[in-house]
Amino acid sequence: MIEPKFEASVGMSRKWDAREAGREVAETAIKNLSRPPDFFLLFSTIHYEKYGGFQEFLNGVWDVLPEGTPLIGGTVAGFTNPQGCYTRGATALAVSYSNIDVAVGVGNNTRKNPKKAADECSKSIIAQLAESNYPTKLLIDIIPGPTMPSFPGVGSHWVISNPLVARVAPKLLEMSVKKFQLGQGLEDDVIEYLAEDLKDHIIFGGSSSDDNKLVTNYQFVGMEIKKHSLLGMGLSTDLKFNYAHTDGLSPTGIKFKITKTSQGSRIIKSLEGKSASDTFFRKIGIPLELLDDRILRTTFFYPLGFYSSDGRICPNAIGCVLKNYLALNYSIKGDYIELFKASGKTLIGAVNEAIELLPIKNPKFGFIISCLARLEALGIGVFKEKEILDNYFKNSPYLLVYMGGENTSFPNENPHHYNETFNILVA
Amino acid sequence: MIYILGVLLKDDPIALVLDDLLKLDDILACMVARRNMISVMPSGDGFKPEVNQIWDIIKRAMDDVFGVIGAYSPAGLGEMEFRLQEYEVLFYVFPDTESALVAIVPALANKGLLEVEMENARREILKIMGEQDTAKGIVVHA
């Protein structure tokens, strides 16, 4: 019996020119493969928007990549691979394997209609892989991540202290999301609908992002650049995947009863019957009058979160403070939120924890999705994460991307969308 | 006669590393410096104009900070930073020296992401310095 041939390779470019970077990332990704890739995951930081544009970047990739190679990807805040840690550049993971069937699906306008986008994407993948009989079904997804809406008369800020603007901001935010597709990404809705359609699939993905300014982000599929589209890479294969999820957070026991919400529980208006923002910030010792746009850095080590029905911690980043209200990244479930805590040490420790959870000790390759908030909090500490990953993967290729949100779903388990987590998939 | 074999470069490679760093939106200025001296500047037009009005006071503060760097670098001091008005100044010390890669960024910048590229620049500069030291050390006697 002939052993099925598996190869994986990671490529990279640090060139500034979009076309040259596209060529280089593709060249370096496929040069070590003995046959053309069966699928190609492509990521870049936002910088090519100003240095030639993403269409030129993608054109450069296709100057090199064999025509018809299944390709999805998007913009990310940064990445780590065996060559180093970077918050500027492009990277790719190319895989070729004899026992794999691949399909790409697209669902448009995720914020306008998350269900329709999920259905579009999943139906296409199901149809394309209908004849495939391999036992493992995996969907890698990229969902457009959150962007900061612009509030009239105020501009884009994390903290809105003007009471008049803040009072109407929830309505403006809802309109901004549905009509202009700016604001929260509604990724939690998308992943729920995807999981309904693809019950037998492992789903592993993240939200595209920029450099944490949350102005814009892009998705790449085939030869096209998208801005508001869900992308899915469906894999049907006999590879066995293992997965681990950690966050480096620990509960403080400080809980708040949610007494009023809006926007599908994405905005918390009151906690314990009082102003949500005042109640929360008073608890962590930050007077509201001193609060400024450094909110993410201030609150990251005290993230809010809730427990899902299956007992998982679901950390939820605070997107912005609208005077008395807290606008979160995705919907809160349940009646309580809890304050969690983290430190640089526990965030890095989460990488070790994840690796210890994995039964595979000699992986063929790894794909890791971590939150850009972890990158922002760790800064230079990501080089320590890399040391841990290098030690685990040894000579096998791996790619870690820092995205604006992370999602997973498994057969017979609830789907999850998270912030601030570390998720590793290995084969 | 003594010939010194080395690599003569038209552009200072360290300046090219600084040029790359300066292309990032939130890096307003960057340099390799030590107390009372800027060793290497980016090769283009210099710093971004936002820095001009505050440069004098930042430079004075930098020189005071280099006093600390000089004292503690041998003990393993790696990074320092301070905030002055609406700016932060980041120092990435070259190990066992009194010099550092210095950058000026806006106070609300996403510093975590910038730190990664500062570290990459420090590593690249250290590699260049190592290569330059090796090149200077090759001497042929004729």
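Residues numbered from 1 in each chain as written. Chains lettered and ligands numbered in written order. Predicted model: local features only at pLDDT ≥ 70, side-chain atom pairs only at ≥ 80, totals over all residues.

### Points about the overall build of chain A
For chain A, the helix and strand inventory stands at 10 helices and 27 strands. Its C-alpha radius of gyration of 21 Å places chain A within 12% of the 22 Å reference for a compact globule of 427 residues. Here the C-alpha coordinates of chain A stretch approximately 70 × 40 × 40 Å along the principal axes. Across the 427 residues in chain A, those meeting the buried criterion constitute 54%. Looking at chain A alone, contacts between residues at least 24 apart form 81% of all its contacts between residues at least 6 apart. (Helix = DSSP H or I, 4+ residues; strand = E, 2+ residues; numbered from the N terminus. Rg over C-alpha atoms; globule rule 2.2 N^0.38 Å. Buried ≥ 20, exposed ≤ 12 C-beta atoms within 10 Å, placed from the backbone. Contact = placed C-beta atoms within 7 Å.)

### Points about the overall build of chain B
When helices and strands are counted, chain B shows 3 helices and 7 strands. Counting from the amino terminus, helix and strand elements in chain B follow one another as β-α-β-β-α-β-β-β-α-β. Scored against the burial criterion, the 142 residues of chain B give a buried share of 32%. Within chain B, contacts between residues at least 6 apart in sequence are counted, and of these 57% link residues at least 24 apart.

### What about the domain arrangement of chain A?
Residue and element names in this part refer to chain A. Domain assignment breaks chain A into domain 1 (6-146 + 183-246 + 345-426) and domain 2 (250-340). Once you take the C-alpha centre of each, domain 1 and domain 2 turn out to be 29 Å apart. Elements with a contribution of two residues or more to the side of domain 1 that touches domain 2: α5 (187-197), α9 (372-378) and β26 (416-418). Classifying every residue of the side of domain 1 that touches domain 2 gives 4 nonpolar, 7 polar and 5 charged. (Domains from an automatic or database assignment. Nonpolar A, V, L, I, M, F, W, Y, C, P; charged D, E, K, R; others polar.)

### A closer look at the sheet that holds strand β27 (residues 422-426) of chain A
Residues and elements named next belong to chain A. Here 6 strands make up an open sheet; going across it, the order is β5-β4-β24-β23-β27-β14 and the pairing mixed. Because the sheet does not close on itself, it has two edges, and the strands there are β5 (84-86) and β14 (242-246). The mean angle between the axes of side-by-side strands here comes to 10°, regardless of whether they run parallel or antiparallel. Sheet analysis places strand β23 (residues 366-371) next to β27, joined by 5 bridges and oriented antiparallel. (Pairing = 2+ DSSP bridges. Axes fitted to C-alpha atoms, helices over the stretch in contact; angles between N-to-C directions.)

### A look at the pairing of strand β20 (residues 318-322) of chain A
Residues and elements named next belong to chain A. Across the 5 residues that make up β20, a large majority, 5, are buried. Sheet topology note: the strand β9 (residues 159-160)/β20 ladder contains 2 bridges and is parallel. Of the residues in β20, the one forming a bridge with V159 is V321. Relative to strand β21 (residues 325-328), β20 runs antiparallel, the two being bridged by 4 bridges.

### Looking at the nonpolar core
Core analysis: the largest hydrophobic core is formed by 160 residues, its most contacted members being B:C30, B:L101, B:V102 and B:A103. A domain-level breakdown of this core finds at least three residues from each of domain 1 (6-146 + 183-246 + 345-426) and domain 2 (250-340) of chain A. The contact partners of B:V102, leaving out residues within four places of it in the chain, are B:C30, B:M31, B:A33, B:M62, B:V89, B:L90 and B:F91. (Core = buried A, V, L, I, M, F, W, Y, C linked by C-beta atoms within 7 Å.)

### Concerning unusual backbone geometry
Its identity is not glycine, yet A:K323 carries a phi of approximately 55°, on the positive side. Looking at where A:K323 falls in the secondary structure, it is placed in the loop between β20 and β21. Residue class for A:K323 comes out partly exposed when judged on the 19 C-beta atoms lying within 10 Å of it. A positive phi angle is found at B:N36, which is not glycine, with a value near 65°. As for its position among the elements, B:N36 is in the loop between β2 (29-34) and β3 (37-40).

### Quick look at helix α10 (residues 382-393) of chain A
Residues and elements named next belong to chain A. With 12 residues, α10 extends 16 Å from end C-alpha to end C-alpha; this agrees with the ideal 16 Å at 1.5 Å per step. Restricting attention to buried positions, one finds in α10 the residues V382, E385, L389, Y392 and F393. With its buried residues spanning 85° around the axis, α10 presents them on a single face. Facing away from the buried side of α10 by over 90 degrees, the exposed positions are E387 and N391. Remark: K394 follows α10 within two positions and exhibits a positive phi of approximately 55°. (Expected span 1.5 Å × (residues − 1). Arc of directions from axis to C-beta.)

### What about the interface of chain B and chain A?
Taken together, the 12 residues of chain B in the interface contact 21 residues of chain A. For the side of chain B that touches chain A, the per-class residue count stands at 4 nonpolar, 3 polar and 5 charged.

### Considering the sheet that holds strand β11 (residues 219-221) of chain A
Residues and elements named next belong to chain A. Read from one edge of the open sheet, 6 strands run β1-β6-β2-β3-β11-β12, paired in mixed fashion. The two strands at the open ends of the sheet, each matched to only one other strand, are β1 (6-13) and β12 (224-226). Strand after strand, the sheet turns through a mean of 15° between neighbouring axes, direction not considered. In this sheet, strand β6 (residues 90-97) lies alongside strand β2 (residues 39-44) in antiparallel orientation, the contact comprising 6 bridges. When the sheet's bridge partners are listed, S44 is paired in β6 with A90. In the packing of helix α1 (residues 18-30) onto the sheet, the strands contacted are β1 and β6, and the crossing angle to β1 comes to about 150°. Each of β2, β11 and β12 is contacted by helix α2 (residues 54-64), which is oriented at about 145° to β12, the strand it contacts most.

### Side note on the packing of helix α8 (residues 344-357) of chain A against α10(A)
All names here are of chain A. Axis separation between α8 and α10 bottoms out at 9 Å; the angle between their running directions is 15°. Overall, the two elements α8 and α10 adopt an arrangement that is roughly parallel. The chirality of how α8 crosses α10 is right-handed. Side by side, α8 and α10 meet where I348, V351, N352 and I355 of the first sit next to K384, E385, I388, L389 and Y392 of the second. (Parallel < 35°, antiparallel > 145°, perpendicular 65-115°, else oblique. Left-handed = near helix turned anticlockwise from the far one by under 90°.)

### Considerations on the packing of α1(A) against α2(A)
When two helices pack together, you describe them by how their axes are tilted relative to each other and by the distance separating the axes. All names here are of chain A. Viewed as axis vectors pointing N to C, α1 and α2 meet at an angle of 35°, and their least axial separation amounts to 7 Å. Classified by chirality, the crossing of α2 by α1 is right-handed. On the side of α1, the interface is formed by A18, R19, E20, A21, G22, R23, V25, A26 and E27, while α2 contributes F54, E56, F57, L58, N59, G60, V61, D63 and V64. Partitioning the contact of α1 with α2 into residue classes produces 9 nonpolar, 3 polar and 6 charged.

### Quick word on the confidence of the model for chain B
Residue and element names in this part refer to chain B. For chain B, the average pLDDT comes to 88, and 89% of its residues sit at 70 or higher. When the criterion is pLDDT under 50, residues 1-9 qualifies, and its contacts beyond four places in sequence or with other chains add up to 12 contacts. Counting contacts from residues 138-142, a segment whose pLDDT is below 50, to residues more than four positions away or on other chains yields 9 contacts. Reported confidences for the modelled complex are a pTM of 0.94 and an ipTM of 0.92. (pLDDT = per-residue confidence, 0-100.)

### Section: the pairing of strand β24 (residues 398-403) of chain A
All names here are of chain A. Counted residue by residue, β24 has 6 buried out of 6 residues, so it is predominantly covered. Here β24 shows a buried face lined by Y398, L400 and Y402 and a second buried face lined by L399, V401 and M403. Two elements, strand β4 (residues 78-81) and β24, share 3 bridges in a ladder whose sense is antiparallel. Paired with G78 across the strands is Y402, a residue of β24. Where β23 and β24 come together, 6 bridges link them in parallel fashion. Bridged to F367 within β24 is L399.

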